[in-house]
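# Observations on chain architecture
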Amino acid sequence: MAKQPLTQSLSKRSLASHTWLGLLVSAFMYLICLSGTVAVLHLEFERWEQPYIEESDSFSIAQVEKAYAQFAQRYTADTHHYYFVFPGSGIPRLVMEDDNTAHFVDANGDLIEQETVTWTRMLGDLHMYLHLPATFGMIFVSTCGALLCALIVSGLLAHPRIVKDAFRFRAGGDGLKSNIDLHNRLSVWGTPFHLMIAVTGAYFGLAGILVTIISQAFYGGDNQAVYDQVFTPEPVLEQEVAPPEIGQAMRDLFERIDRNNLIFFAIHDPGTPQQFIEFFVKEPGRFTYSENYQYNSAGQFLSVSGYGEGDGGKQILWSVYRLHFGDFWGMPGKVLFIILGMMLTIISATGMNIWLKKRKTQDALNLLWPALIWGTPSALVASAAAYFAVSLSPTLSFWVVLCGLCVLALTTKSQQHVTRQLKQAFSLLTLCFLLVYFAVFGEAGFSIAALQINIPLLLIALWTGYSAHKQN
Amino acid sequence: MTTTLFVSVALSALACYAIYIGWATQKKRWAYAGWAGIAVSIVAWCNVLGTEFGITVGLCLPAIMVWLGIARHAKAEKTKPDADKPPHQWQCQGKAVALTGWHILYVLIVQMVTFSLIVVALVYQLPISEPKQMATGVIILPLVWGVLAYWYVMSEHKLRHILFSVVLAAVAALYLFGVAHG
């Protein structure tokens, strides 16, 4: 980092700072933003992975009780929780699970197919950890959130013509002006969204660091004591060990809430005197993830956690998830977050493009960067195809394909060749993937669960193919 | 619901277009009307979706709507191929690599630790409930860290910046693990 002369203006020094910080995190930021944008549809991807499962928005208490009884009888291995997920979660299916296994439940309350969300989990892990070891990965990704704040501030201060250029866009040319204009227009107008995503994204990893400091300073190193200040502590119970009266608890719950808002319930510490049932219930019109209702084993109401109406701090912390993932206002909210998320992804890509185009020299980076940009979507599609076709680990196939495409890019002539060829590769891979998908799932490939992902995917592939053809 | 939703979308679009007209014609009254329109559209969104969702959508939507104006004003030049540039000569200078390595380490690790300590010590001085103190901490930590990372990278007096941050962090640690810890 070159030392700047004293007389250099704030905007020039801000630009230098912006460039340095941008280069530091560019590739990671791109992967995080792209995977995060796609992951807005994580619930839809879960349905898409098993499109043949019957779907319904209705359920009965008898169905839930029967499924729990069957599950508890079939899986006797140690578990700390049982869960039952309702259509209020955003997926119109019923799922009974413990800490290790999950089964869908049919209309009669019988356990059917095992739930598998392998590809969706790979996508989520890429966004949350970049597939690094969990704790380190999450802290690193959160660090990128903090640096996104730095990039927002430095970007705004580096832009002396922020008002003058507010609607300026010069397309074509050698690509430098169009990249600069695209980067700046998207960045400036999207600032509220970018700040929101940066702060809420940083929360997931940094909260753990803050909790450690607070627990060491004020609670003698007891992290749980800190969590208990924010998240309602588990009730202290003295009761006989008996199967939980789920039906009794649900009947009481439905007198307090609208049953369509029920997300899931958890049975904590099953088979112990501490056993209790906790219902997670959506609060319509609120970002708070849920309001929680606790019941003892006999199905008697104990308390409400207060995430909806309690302390403001609790409400804020319990609201981060929905705000970050766009999990509010149904599909319109998701579409909004996908568009805005894609804008942030384009900002990450164009930032590095600008730096590369401004350089007076060129090297392997000029080929590797477009390979990463256009190779990542191809790697995601290839990982899904390999997973559905031959059950290959999506994480492994994603990285093998991405690294392979980057190596291949080094053999091409120019940045434009890499871009065009990888756009074509993405289109072809997507078409192949769709063939694999329909071959594997047959008639179920035409269900809503499948088509709501596959039709947009096909349209993106066609547009990308057309764009490559036009570039040719 | 549908009518008010349509009205809110229309208000957001019209407000952005008014800002665009103000920019394109250099007439400030259009721009002011546009910004006022944004404020009104946020109220309209709150009316449709509730305060929390309404503010979020109302603030985020202009990022999309302004493209009506940007697209209208866009100028296209003939596409040129990439210029053939000479190859970059990488020179491995030990001191420069070490210095850059230190800057990365400082921004990613040292600042995370120092500002975490400073932010916790600061928010625990606020006369609000403990959950609110924690929520304030997790919101302001990335902002403080981000702004000071920018300041550090931009600064010509990096040593002064490091000393300032470390001393502040030491005072915060002394308070947290000395005074507050008892």
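Rules behind the numbers
- Residues numbered from 1 in each chain as written.
- Chains lettered and ligands numbered in written order.
- Predicted model: local features only at pLDDT ≥ 70, side-chain atom pairs only at ≥ 80, totals over all residues.
- Heavy atoms only, no water.
- Helix = DSSP H or I, 4+ residues; strand = E, 2+ residues; numbered from the N terminus.
- Rg over C-alpha atoms; globule rule 2.2 N^0.38 Å.
- Buried < 20%, exposed > 50% of the residue type's maximum accessible area, 1.4 Å probe, protein only.
- Contact = heavy atoms within 4.5 Å.
- Areas by Shrake-Rupley, 256 points an atom, 1.4 Å probe, with all protein chains shown as cover.
- Pairing = 2+ DSSP bridges.
- Axes fitted to C-alpha atoms, helices over the stretch in contact; angles between N-to-C directions.
- pLDDT = per-residue confidence, 0-100.
- Parallel < 35°, antiparallel > 145°, perpendicular 65-115°, else oblique.
- Left-handed = near helix turned anticlockwise from the far one by under 90°.
- Nonpolar A, V, L, I, M, F, W, Y, C, P; charged D, E, K, R; others polar.

### Examining the overall build of chain B
In terms of regular secondary structure, chain B is built from eight helices and one strand. Its helices and strands in sequence order give chain B the pattern α-α-α-α-α-β-α-α-α, from N to C terminus. For 182 residues, the compact-globule estimate of 2.2 N^0.38 gives 16 Å, and the C-alpha radius of gyration of chain B, at 25 Å, exceeds that figure by more than 25%. Dimensions of chain B along its principal axes, counting C-alpha atoms only, are 60 × 60 × 30 Å. Across the 182 residues of chain B, 42% fall into the buried class. Partitioning the intrachain contacts of chain B with sequence separation of at least 6 by distance along the chain shows that 61% fall at a separation of at least 24. Surface exposure of chain B reaches about 10,100 Å², of which carbon and sulfur atoms provide 72%.

### Quick word on the sheet that holds strand S9 (residues 301-304) of chain A
Sheet strands pair by backbone hydrogen bonding; their relative direction is either parallel or antiparallel. All names here are of chain A. Strand order in the open sheet made by the eight strands is S4-S3-S2-S1-S6-S7-S8-S9, with antiparallel pairing throughout. Every interior strand has two partners, whereas the edge strands, strand S4 (111-114) and S9, have only one. Averaged over all adjacent pairs, the angle separating strand axes in this sheet is 25 degrees, with direction ignored. Two strands pair when backbone bridges link them, and strand S1 (residues 81-85) and strand S6 (residues 262-268) are joined in this way by five bridges, in the antiparallel orientation. Following the sheet pairing, Phe84 is matched in S6 by Phe265.

### Focus: the confidence of the model for chain B
On average, residues of chain B score 91 in pLDDT, and 98% of them reach the 70 mark or higher. Interface predicted TM-score (ipTM) for the complex: 0.93; the corresponding pTM is 0.93.

### Quick look at the pairing of S1 of chain A
One ladder, built from four bridges, connects S1 of chain A with strand S2 (residues 94-98) of chain A; its direction is antiparallel. Each bridged residue has a counterpart across the sheet, and for Phe84 of chain A the counterpart in S2 of chain A is Met96 of chain A.

### Here we look at the packing of helix H1 (residues 2-25) of chain B against helix H2 (residues 28-49) of chain B
All names here are of chain B. Taken N-terminus to C-terminus, the directions of H1 and H2 make an angle of 165 degrees; their axes are 8 Å apart at the nearest point. On the basis of the axis angle, H1 is roughly antiparallel to H2. Taken as a pair, H1 and H2 cross one another with a handedness that is left-handed. Grouping the constituent residues of the contact of H1 with H2 by class yields 16 nonpolar, eight polar and no charged.

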